[in-house]
Amino acid sequence: PQDKKPKPVTTLRCSSIKASIWKNEGMKGPFYNVTVARSYKGSDGILKDSESFGLADLDALVVVAQQAKVWIAERLGR
């Protein structure tokens, strides 16, 4: 079946913050996009993601953003 969800090519983590890197194919070759999320455990005990970040999350957000930039640049030869 074709209902398989695409998966990121890699996920970088720092503390509760993760950056998922997605590879796409364009007319000029591959390119990458990044999504970021904060993981937390809900009141039901299940791990969830949020796209909302507090002050305490911002340093980790900067770290994963920089790691994602380096990871993508290496693969694009930049």
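Residues numbered from 1 in each chain as written. Predicted model: local features only at pLDDT ≥ 70, side-chain atom pairs only at ≥ 80, totals over all residues. Heavy atoms only, no water.

Draft legend 1. Inspection of the overall build of the protein at higher detail. A count of helical and extended segments in the protein gives one helix and four strands. Order of helices (α) and strands (β) in the protein, N terminus to C terminus: β-β-β-β-α. Rg of the C-alpha trace for the protein: 15 Å, well past the compact-globule value of 12 Å for 78 residues, more than 25% over. Its C-alpha atoms give the protein principal-axis dimensions of roughly 45 × 40 × 15 Å. Looking at the protein as a whole, 26% of its 78 residues are labelled buried. (Helix = DSSP H or I, 4+ residues; strand = E, 2+ residues; numbered from the N terminus. Rg over C-alpha atoms; globule rule 2.2 N^0.38 Å. Buried < 20%, exposed > 50% of the residue type's maximum accessible area, 1.4 Å probe, protein only.)

Draft legend 2. Region of the structure containing the pattern of salt bridges. Applying the stated criterion to the full structure yields four salt bridges. Across the salt bridge formed by Arg75 and Glu74, the nearest N and O atoms sit 3.5 Å from each other. By relative accessible area, Arg75 is classed as partly exposed at 42%. (Salt bridge = Lys/Arg side-chain N within 4 Å of Asp/Glu carboxyl O.)

Draft legend 3. Representation of the sheet that holds strand S4 (residues 47-50) within the structure. Here we have four strands laid out as an open sheet, ordered S1-S2-S3-S4, and antiparallel in their pairing. The open sheet is flanked by strand S1 (10-14) and S4, the only strands paired with a single partner. Each neighbouring strand pair of the sheet contributes to a mean axis angle of 35°, computed without reference to strand direction. The sheet contact formed by strand S2 (residues 17-26) and strand S3 (residues 29-41) spans ten bridges and is antiparallel. Following the sheet pairing, Lys23 is matched in S3 by Tyr32. Contacting S1, S2 and S3, helix H1 (residues 58-75) crosses the sheet at an angle of about 150° to S1. (Pairing = 2+ DSSP bridges. Axes fitted to C-alpha atoms, helices over the stretch in contact; angles between N-to-C directions. Contact = heavy atoms within 4.5 Å.)

Draft legend 4. Summary view of the environment of Leu76. Residue placement: Leu76 occurs in the segment after H1. Each C-alpha atom, one on Leu76 and one on Phe31, is 8.0 Å from the other, the two residues being 45 residues apart in sequence. Every residue in contact with Leu76, bar those within four places of it in the chain, is listed here: Pro30 and Tyr32.

Functional significance is not addressed by these values, which are geometric in nature.
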